[in-house]
Amino acid sequence: MAEVVRLELQLAVGTLSVADIEQSLSETVVNYQILSVTTGSTDIALAFGAVTTADILYIYSNQQISYKLNSSATAITVDADKPHLLYGTSVTALTYTNASGSTATIRILLAGA
């Protein structure tokens, strides 16, 4: 039986405050990264660390960026200073692009197995 991990995430970024996001999860591995990505970076592969398949993905960026999941050709846009959360999906690969004109600070959390 998998160990149940309780993930409590409290975020405060600039003037944005998202408090007390709680979710009971059956996740065994969590990977959190803060990346500094220069403008013009295209289709950069994200290192998943010990996570093989993520079913929770959280992304926050101070600049507009886009990303692609599981080798898809379809890009998903993340607007600047707006949190982006996906859950209940299987993510095995992610690439990101910064064409904003400025260096982006991207925070990414993956949770899964």
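Values in this document were obtained by computation on a predicted structure and should not be read as measured data.

Take the sheet that holds strand E5 (residues 54–61) next. Note on sheets: strands pair through backbone hydrogen bonds, and any given pair is parallel or antiparallel. One open sheet holds the four strands; their spatial order is E3-E10-E5-E8, and the pairing between them is antiparallel. This sheet does not close on itself; its edge strands, each paired only once, are strand E3 (29–37) and strand E8 (84–91). In this sheet, neighbouring strand axes are inclined to one another by 20 degrees on average, regardless of whether the strands run parallel or antiparallel. Judged from the five bridges that link them, E5 and E8 form a sheet pairing that is antiparallel. By the bridge assignment, Leu-57 is partnered in E8 with Leu-86.

This paragraph deals with the side chain of His-84. Residue placement: His-84 occurs in strand E8. Relative accessible area serves as the criterion here: at 18%, His-84 is assigned to the buried category. Of the polar contacts made by the side chain of His-84, one reaches the side chain of Tyr-67; its length is 2.5 Å. With residues up to four places along the chain from it excluded, the contact list for His-84 reads Leu-57, Tyr-58, Ile-59, Tyr-67, Ile-76 and Val-78.

Glancing now at the environment of Leu-85. Relative to the elements of secondary structure, Leu-85 occurs in strand E8. Using a relative accessible area of 47% as the deciding quantity, one classes Leu-85 as partly exposed. Remark: the alpha-carbon pair of Leu-85 and Tyr-60, spanning 25 residues in sequence, is separated by 8.8 Å. Discounting residues that sit within four places of it in the chain, Leu-85 has contacts with Ile-56, Leu-57 and Tyr-58.

What counts and how
- Residues numbered from 1 in each chain as written.
- Predicted model: local features only at pLDDT ≥ 70, side-chain atom pairs only at ≥ 80, totals over all residues.
- Heavy atoms only, no water.
- Pairing = 2+ DSSP bridges.
- Helix = DSSP H or I, 4+ residues; strand = E, 2+ residues; numbered from the N terminus.
- Axes fitted to C-alpha atoms, helices over the stretch in contact; angles between N-to-C directions.
- Buried < 20%, exposed > 50% of the residue type's maximum accessible area, 1.4 Å probe, protein only.
- Polar contact = N/O pair within 3.5 Å; in protein donor to acceptor, adjacent residues only side chain to side chain.
- Contact = heavy atoms within 4.5 Å.

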